[in-house]
Structures are given as C-alpha cells and as structure tokens.
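# Inside the fold
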Amino acid sequence: MGCGSSKTAQVVVTKEAEEGGAGEKVAPPLTEEQIQERVVAIDKPRDFRMKSVPLTVRYAYVSQRGYYPDELNKNNQDAFCIAENVCGEEETILFGVFDGHGSTGDKCSAFVRDTVLETLEHKIREHKGDFETAYKQTFIDINERLHANVRARAHPPRNACAARAGGGAGGLSLIHI
C-alpha cells in the first residue's frame with residue numbers, strides 16, 4: 001500500500017529513466033479532498049448484541065486506497081464484508097477482509113466479497129450441523145471459482161481473513177488464507 005497522506009512531492013523514476021532515457025516526473029502530494037475520496041468508512045461504530053451470552057461486538061471499518069504516484073487512479077485492491085444474522089441465525093455476524101494483489105487484485109478481492117456470504121450460506125445448508133467443514137469448503141469453492149474466472153485468474157487474493165461470532169455452540173471461528 002502506498003501512503004495517502006504525503007506532505008511533500010513524490011519523485012517517481014519513470015520506466016524511460018530506468019532504461020537511460022528521459023528523467024523523472026514529479027507527482028504532487030494529495031489534497032485533503034483527494035485523500036477523502038480514497039476512503040471508505042463507517043460513520044460511527046455499530047453494536048451487535050448477542051442475547052444468549054453477555055456479549056456485544058462493537059465494530060467499525062475504514063479502508064483507504066493506496067497512493068501510487070505513477071498510477072494515481074489505481075483501484076483499491078482491498079475489499080471487506082460484514083454480514084449480520086448469517087443463515088437467519090440472529091446471533092451470528094461475519095466479518096471478512098480480502099487483500100488483492102497484482103493487476104487484477106481489485107477484481108479478485110471484489111469477487112470474494114461478492115460471493116462469500118452466498119457461498120457460506122449454501123455450504124452451511126449442505127453440511128448440516130458441521131460449521132467448520134462448511135466454512136473451509138466456502139473458501140475452497142471460492143478459490144476454485146476465482147481461478148476459473150479468466151478476468152481474475154492472474155492474481156487471486158493472497159490474504160483473506162474472515163471471522164464469525166455466534167451461532168450457538170459455534171462460538172468464534174477464524175480463517176486466514
């Protein structure tokens with residue numbers, strides 16, 4: 001990730017300069033408005049209360065697209081999801097963070113974000129009573145579909161992290177791939 005709040009101009013050595021050609025270009029620092037355009041954030045923390053146990057999960061999120069002086073309009077390659085009441089279970093919340101890399105990193109992380117909840121709910125129904133298997137199979141299935149997707153095949157997310165709280169005896173489940 002690049003720095004989105006630089007205070008001084010960034011000197012970028014161009015490909016031509018590396019190959020012995022023309023010099024450098026200077027990318028100016030971002031304005032406050034440009035920095036804010038790169039940020040996705042929740043307006044205030046939210047609470048998710050669980051009734052069967054004395055637990056309240058308070059959460060917030062912020063994601064900032066990196067600063068790449070040689071590619072100022074590069075898409076954010078990170079994606080996330082938050083889903084409450086997974087499979088209709090009132091005390092279940094899912095958090096997912098997906099970190100894409102490479103030229104199609106944004107497409108890969110968005111694919112995982114857009115498919116993880118539906119896939120998880122399908123796998124939970126498929127593996128009745130065995131959440132751990134359903135959870136693992138969710139990411140195996142998504143990974144296989146991601147590799148089959150030509151647009152995203154080049155660089156699947158190198159890091160995916162999801163956490164699930166609740167679900168009765170299920171407690172807290174974490175996965176990092």
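## With respect to the packing of aromatic side chains
What describes a pair of aromatic rings is the distance from one ring centre to the other and the angle between the planes of the rings. Counted under the stated rule, the structure contains 4 aromatic pairs. For the ring pair Y61 and F80, a centre distance of 4.6 Å and an interplane angle of 40° mean the geometry is tilted. Highlighted residues: Y61 in the loop between β5 (55-59) and β6 (62-64) and F80 in strand β7 (residues 78-84), separated in sequence by 19 residues. In this structure Y61 comes out as partly exposed when scored by relative accessible area, which is 24%. Classification of F80 by relative accessible area gives partly exposed; the value is 25%. Among the aromatic residues, ring-to-ring pairing joins F131, Y135 and F139 into one connected group.

## Overview of the side chain of T138
Within the fold, T138 resides in helix α4 (residues 131-148). Judged by relative accessible area, which is 1%, T138 ranks as buried. In this structure T138 touches V116, T119, L120 and K123, once residues within four positions along its chain are discounted.

## Looking at the confidence of the model for the chain
With 69% of its residues at a pLDDT of 70 or more, the chain has an overall mean of 78. The spread of mean pLDDT over the elements of the chain runs between strand β1 (residues 10-13), the lowest at 47, and helix α3 (residues 105-126), the highest at 92. The low-confidence segment residues 1-13, where pLDDT is below 50, has 35 contacts with residues more than four positions distant or belonging to other chains.

## Focus on α3
In a regular helix each residue adds 1.5 Å, so 22 residues correspond to 32 Å; α3 covers 30 Å between its end C-alpha atoms and thus fits that length. Along α3, the largest kink reaches about 40° and is centred on V116. What α3 keeps buried is the set G105, D106, C108, S109, A110, F111, V112, T115, V116, T119, L120 and K123. Contacts made by the buried residues of α3 are with β7, β8 (93-99) and α4.

## Re the environment of G88
When you line up the elements, G88 lands in the loop between β7 and β8. Looking at G88, the relative accessible area reads 62%, which means it is exposed. Considered as a pair, G88 and E121 are 33 residues apart in the sequence and their alpha carbons are 9.4 Å apart.

## Thoughts on the pairing of β5
For strand β4 (residues 46-50) and β5, the ladder comprises 5 bridges, and the chain directions are antiparallel. Opposite R46, over in β5, you have Y59 as the bridge partner.

## Section: the pattern of salt bridges
Any two side chains of opposite charge can pair, on the condition that their charged atoms come close. For the coordinates displayed, the defined rule picks out 6 salt bridges. Between R113 and D114 there is a salt bridge, and its shortest N-O distance comes to 2.8 Å. The partly exposed category is assigned to R113, whose relative accessible area is 34%. One salt-bridge network, in which partners are shared between bridges, spans D47, R49 and R58.

Reading the values: rules and limits
- Residue positions are counted from 1 within each chain, in the order its sequence is given.
- Residues qualify for local features only when their pLDDT is at least 70, as the model is predicted, and side-chain atom pairs are given and counted only at 80 or more; totals for whole chains, interfaces and linings, by contrast, use all residues.
- The basis for every side-chain value is the complete set of non-hydrogen atoms in the structure, without hydrogens or water.
- Centre distance within 6.5 Å is the pairing criterion for rings of Phe, Tyr and Trp, where only the six-membered ring of Trp is used; planes under 30 degrees apart are then read as stacked, over 60 as edge-to-face, and the remainder as tilted.
- Counting from the N terminus, the helices are the DSSP runs of H or I reaching at least four residues and the strands are the DSSP runs of E reaching at least two.
- Exposure categories follow from relative accessible area, calculated using a 1.4 Å probe and restricted to protein chains: below 20% of the type maximum is buried, above 50% is exposed, and the middle band is partly exposed.
- Two residues qualify as a contact provided that any one of their heavy atoms is within 4.5 Å of a heavy atom in the partner residue.
- On a scale of 0 to 100, pLDDT captures the predictor's confidence in every residue.
- Every helix has an expected span of 1.5 Å times one less than the residues it contains.
- What is called the bend at a residue is the angle between a pair of axes, fitted to the seven residues leading up to and ending at it and to the seven starting from it.
- One bridge is not enough; two strands pair if DSSP finds at least two bridges between them.
- Take a side-chain nitrogen of Lys or Arg and a carboxyl oxygen of Asp or Glu: if they are within 4 Å of each other, that pair is a salt bridge.

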